[in-house]
Amino acid sequence: MKSLILSVFLIAGCSSVQATNQMKPVETVASVDLARYLGRWYEVASFPAWFQNDCECTTAKYALRADNDIDVLNRCIDKKSGEERIATARAWVTDKETNAKLKVRFFWPFTGKYWIIDLGPN
């Protein structure tokens, strides 16, 4: 199977936006209950990154590890071949006050920012 570096992290690109006179800096939510954030999430919309080309049915599954980091399992279906693409990563909280800022590593030594900028009421 082809490896896919898929950022569940659909919002990760937003965290690197620089503030200008016309743009407000990106802010995270005040608090995240990580226990409620765990589980499988389904992508309903995105700004596809290069690694998501020709991909559909994208999901991300987050599971708490014994060391309190988070295992990440991303999956999607390649539209052309019908094959499943899988990418695994490890994430950890970088802002312990809010749990809204994390780092994610799909492969060493590279990491990406994962900021939670909005949550629904449920």
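Within every chain, residues take consecutive numbers counted from 1 along the sequence as written. It should be noted that, the model being predicted, local features are given only for residues of pLDDT at least 70 and side-chain atom pairs only at 80 or more, the latter also being counted only at that level, while totals for whole chains, interfaces and linings use all residues. As a rule here, side-chain values come from all non-hydrogen atoms in the structure, and water together with hydrogens is ignored.

> Hey, could you go over the confidence of the model for the protein for me, with residue numbers and the actual values?
Every residue carries a pLDDT, the predictor's confidence in it, which falls somewhere between 0 and 100. When pLDDT is averaged across the protein, the result is 82; 80% of the residues are at 70 or more. Contacts between residues were defined by any pair of non-hydrogen atoms, one from each residue, lying within 4.5 Å. Here residues 1-17 is a poorly scored stretch, pLDDT under 50, and it has 51 contacts once near neighbours within four places are set aside; other chains count.

> I'd love a proper account of the pairing of strand S5 (residues 101-107), names of residues and values included.
The pairing criterion for strands is at least two bridges between them, as found by DSSP. Here a helix means four or more residues in a row that DSSP labels H or I, a strand means two or more in a row labelled E, and each is numbered from the N terminus. Taken together, the four bridges between strand S4 (residues 84-93) and S5 define a ladder with antiparallel strand orientation. Each bridged residue has a counterpart across the sheet, and for Arg-90 the counterpart in S5 is Arg-105. What sits between the antiparallel neighbours S5 and strand S6 (residues 110-115) is a turn of two residues.

> Quick one: what's the story with the nonpolar core, residue by residue and with numbers?
A general feature of soluble globular proteins is that nonpolar side chains tend to end up buried together. Definition used in this section: a nonpolar core is a set of buried Ala, Val, Leu, Ile, Met, Phe, Trp, Tyr and Cys residues joined via side-chain atoms within 4.5 Å. Partly exposed residues are those whose accessible area sits between 20% and 50% of the maximum for their type, while under 20% is buried and over 50% is exposed, using a 1.4 Å probe and protein chains only. With 16 residues, the main nonpolar core has Val-32, Tyr-62, Ile-70, Leu-102, Tyr-114 and Ile-116 as its most contacted residues. Residue assignment for this core shows that the elements contributing at least two residues are helix H1 (34-37), strand S2 (55-64), strand S3 (70-78), S4 and S5. Residue contributions to this core peak at three residues, all from S4.

> Could you give an account of the packing of aromatic side chains, naming the residues involved and the relevant values?
Each Phe, Tyr or Trp ring (for Trp, its six-membered ring) is paired with any other whose centre lies within 6.5 Å, and the angle between the two planes then decides the class: stacked below 30 degrees, edge-to-face above 60, tilted in between. A complete count under the given rule lists five aromatic pairs for this structure. Geometrically, the ring pair formed by Tyr-37 and Tyr-62 is stacked, given 5.8 Å between the ring centres and 25° between the ring planes. Of the two residues, Tyr-37 is situated in helix H1 and Tyr-62 in strand S2; the sequence distance between them amounts to 25 residues. When sorted by exposure, Tyr-37 lands in the same class as Tyr-62, which is buried. Each residue in the set Tyr-37, Trp-41, Tyr-62 and Tyr-114 is aromatic and connected to the rest through ring pairs, giving one cluster. Geometrically, a charge over a ring is one whose NZ (Lys) or CZ (Arg) sits within 6 Å of the ring centre while staying within 35 degrees of the ring normal. Here the guanidinium or amino end of Lys-101 rests over the ring plane of Trp-115, the centre of that ring lying 4.3 Å away.

> So, the pattern of salt bridges: which residues are in play, and what are the values?
Take a side-chain nitrogen of Lys or Arg and a carboxyl oxygen of Asp or Glu: if they are within 4 Å of each other, that pair is a salt bridge. For the coordinates displayed, the defined rule picks out seven salt bridges. A salt bridge links Arg-65 to Asp-71; the nearest nitrogen and oxygen atoms lie 3.0 Å apart. Accessibility expressed as a relative area gives 25% for Arg-65, which makes it partly exposed. Classification of Asp-71 by relative accessible area gives partly exposed; the value is 34%. The salt bridge partner of Arg-75 is Glu-84, with a shortest N-O separation of 2.9 Å. Owing to a relative accessible area of 29%, Arg-75 belongs among the partly exposed residues under this scheme. Ionic contacts of the salt-bridge type, sharing partners, join the residues Arg-65, Asp-67, Asp-69, Asp-71 and Arg-90 into one network.

> Report on the sheet that holds S4, specifying residues and quantitative values.
The strand order across the open sheet formed by six strands is S1-S2-S3-S4-S5-S6, and the pairing between neighbours is antiparallel. Because the sheet does not close on itself, it has two edges, and the strands there are strand S1 (39-42) and S6. Direction aside, the axes of adjacent strands within the sheet are offset by 30° on average. The pairing of S2 with S3 spans eight bridges and is antiparallel. Of the residues in S3, the one forming a bridge with Ala-63 is Asp-71. Orientation is described by axes fitted as lines to C-alpha atoms, over the contacting stretch for helices, and by angles from 0 to 180 degrees between their N-to-C directions.

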